[in-house]
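So you can see what is in the structure, the chains are spelled out below.
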Amino acid sequence: MTFLFVKMLFFLCCTFLMSTCVSKGHDIDTIPIRLAVLAPGDETLPFALHKVVPAVMYAVQTLARQGSRHIEVLHRDTECSSTYGPLHAFELYDSGLADVLLGPLCPYVLAPVARYSAVWELPILTAAGQNDNFDFKEPHYRLLTRMNGSYSQIGLIFLQVLKKFNWEVVALLFHNFEDRTIGNSDCYFLLGAVYTALGRKSFYKDFDETSKTINYEEMLKEVSQNARGVFFIFLFSHAQSVLI
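Thresholds, definitions, all that
- Residues numbered from 1 in each chain as written.
- Predicted model: local features only at pLDDT ≥ 70, side-chain atom pairs only at ≥ 80, totals over all residues.
- Heavy atoms only, no water.
- Patch = residues over 30% accessible without salt bridge, like charges linked within 9 Å, V, L, I, M, F, W, Y side chains within 5 Å.
- Areas by Shrake-Rupley, 256 points an atom, 1.4 Å probe, with all protein chains shown as cover.
- Salt bridge = Lys/Arg side-chain N within 4 Å of Asp/Glu carboxyl O.
- Helix = DSSP H or I, 4+ residues; strand = E, 2+ residues; numbered from the N terminus.
- Buried < 20%, exposed > 50% of the residue type's maximum accessible area, 1.4 Å probe, protein only.
- 1 Å grid on protein atoms, 1.4 Å probe; cavity = no way out; pocket = protein on both sides within 12 Å on 5 of 7 lines; lining within 4 Å.
- Points joined across faces, edges and corners; volume = space filled by probe spheres on them.
- Nonpolar A, V, L, I, M, F, W, Y, C, P; charged D, E, K, R; others polar.
- Arc of directions from axis to C-beta.
- Contact = heavy atoms within 4.5 Å.
- Disulfide = S-S within 2.5 Å.
- Expected span 1.5 Å × (residues − 1).
- Core = buried A, V, L, I, M, F, W, Y, C linked by side-chain atoms within 4.5 Å.
- Pairing = 2+ DSSP bridges.
- Right-handed = clockwise from strand over helix to strand, strands pointing away.

So, on to a nonpolar patch on the surface. Judged by side-chain polarity, Tyr84, Leu87, Phe90 and Tyr116 come together as a nonpolar surface patch covering roughly 390 Å² of accessible area. Counting residues per element, the nonpolar patch draws most heavily on helix α3 (residues 84-94), at 3 residues. Of note, Phe90 is situated in helix α3. With a relative accessible area of 37%, Phe90 lands in the partly exposed category.

Right, let's get into the layout of surface pockets. When its volume is computed, the second largest pocket comes out at roughly 380 Å³. What lines the second largest pocket is a set of 17 residues, and nearest its centre among them are Asp132, Gly192, Ala193, Thr196 and Arg200. Looking at the lining of the second largest pocket element by element, the count peaks at 8 residues for helix α6 (residues 186-197). Looking at the lining of the second largest pocket residue by residue, the class counts come to 10 nonpolar, 4 polar and 3 charged.

Moving on: α3. Along α3, the positions that sit buried rather than exposed are Gly85, Pro86, Ala89 and Leu92. Burial along α3 is one-sided: seen end-on, the buried residues are contained in an arc of 115 degrees. Packed against the buried residues of α3 are β1 (33-39), β2 (71-77), β3 (100-102) and α4 (107-120). Note on α3: the residue one or two positions beyond its end, Gly96, has a positive phi of about 70 degrees.

All right, on to the state of the cysteines then. Tallied over the full model, the rule gives 1 disulfide. Residue pairing for Cys80: its cysteine sulfur links by disulfide to Cys106, the two sulfurs lying 1.7 Å apart. Across the S-S bond of Cys80 and Cys106 the torsion is about -55 degrees, and the bridge reads as left-handed. Note that Cys80 is positioned in the loop between β2 and α3 and Cys106 in the loop between β3 and α4, a separation of 26 residues in sequence.

All right, on to helix α2 (residues 49-65) then. Counted at 1.5 Å a residue, the expected span for α2 with its 17 residues is 24 Å, and the 24 Å between its end C-alpha atoms agrees. Among all positions of α2, only Leu49, Val52, Val53, Val56, Ala59, Val60, Thr62 and Leu63 are buried. Following α2 by one or two positions, Gly67 has its phi on the positive side, about 90 degrees.

The next subject is the side chain of Ser202. In this fold, Ser202 is placed in the loop between α6 and β7 (203-207). By relative accessible area, Ser202 is classed as buried at 14%. Aside from chain neighbours lying at most four places away, what touches Ser202 is Val170 and Tyr195.

The next thing to look at is the nonpolar core. Judged by nonpolar contacts, the single largest core of 34 residues is most densely connected at Val37, Val56, Leu92, Leu101, Leu110, Ile124 and Leu144. Elements represented by at least two residues in this core include exactly β1, α2, β2, α3, β3 and α4.

A few words on unusual backbone geometry. Across the junction of Gly103 and Pro104, the peptide omega takes the value -10 degrees, indicating a cis bond. Within the fold, Pro104 resides in the loop between β3 and α4.

We now examine the pairing of β2. Every regular strand shows the same layout, with side chains that alternate between the two sheet faces. The pairing of β1 with β2 spans 7 bridges and is classified as parallel. Bridge pairing in β2 places Ile33 opposite Ile71. For the segment spanning β1, α2 and β2, crossover handedness is right-handed.

Quick look at the pattern of salt bridges now. Taken as a whole and assessed by the stated rule, the structure comprises 7 salt bridges. One salt bridge connects Arg142 with Glu121, and the closest N-O pair in it is separated by 2.5 Å. You can see Arg142 sitting in the loop between β4 (124-126) and β5 (144-146) and its partner Glu121 sitting in the loop between α4 and β4, a full 21 residues away along the chain. Given a relative accessible area of 34%, Glu121 falls into the partly exposed group. Residue Glu217 pairs with Lys221 through a salt bridge whose shortest N-O separation is 3.5 Å. With a gap of 4 residues between them, Glu217 and Lys221 both fall in helix α7 (residues 216-224), about one helical turn apart. Under the relative-accessibility criterion, Glu217 is labelled exposed at 53%. Each of Glu217, Glu218 and Lys221 takes part in a single network of salt bridges with overlapping partners.

Purely spatial values, then, with no claim about function.
This is the structure in structure tokens:
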């Protein structure tokens with residue numbers, strides 16, 4: 001998959017550099033493509049730098065053996081921070097070190113960087129950005145390419161499931177962080193797209209799956225009063241304890 005990322009990046013970079021170099025009268029074949037990887041350094045995350053960069057380097061080396069243009073790879077630790085992540089992007093742009101960005105992978109880093117990239121004319125390819133906010137390419141996200149699609153597609157699939165079983169009254173029950181300084185969970189963004197697809201009228205309730213004080217029985221009773229079908233997103237261990 002990473003190899004596919006880099007091949008797409010290679011195409012995007014060549015297209016961008018070709019237009020730039022032609023306008024300046026430069027020979028495009030002599031200019032290396034500078035690829036900047038933006039990812040968190042936290043090794044507990046599935047998309048940590050130490051996991052992403054080796055795969056990117058392997059893909060770049062494979063392309064080099066096939067005779068493609070030289071690609072220079074550098075990386076920055078975004079810390080999954082909406083402050084430090086964009087600052088690294090600013091530094092890369094201001095110093096002229098990057099022709100294309102791979103990442104960011106954390107939503108609260110990706111959003112501002114993607115908006116800046118449209119002004120900087122700096123393309124972004126990411127495996128993140130499934131939030132339906134990124135569905136609207138113009139004017140802010142026109143240079144953003146998402147490899148994993150959008151949660152809004154799940155919303156459309158969910159509508160088809162409801163239609164299949166003739167379900168009309170639905171409640172959404174999902175995990176979200178009680179600590180609001182963390183931001184919202186992936187479940188929140190996923191169900192947000194489903195909520196939009198349902199016309200923003202369905203009953204919904206969130207809970208923090210890490211909390212030790214949740215009364216699941218009472219919560220499910222409340223939800224049952226507002227729906228005939230419920231769409232659940234749980235950690236498996238919690239779902240098992242509830243269903244039993």
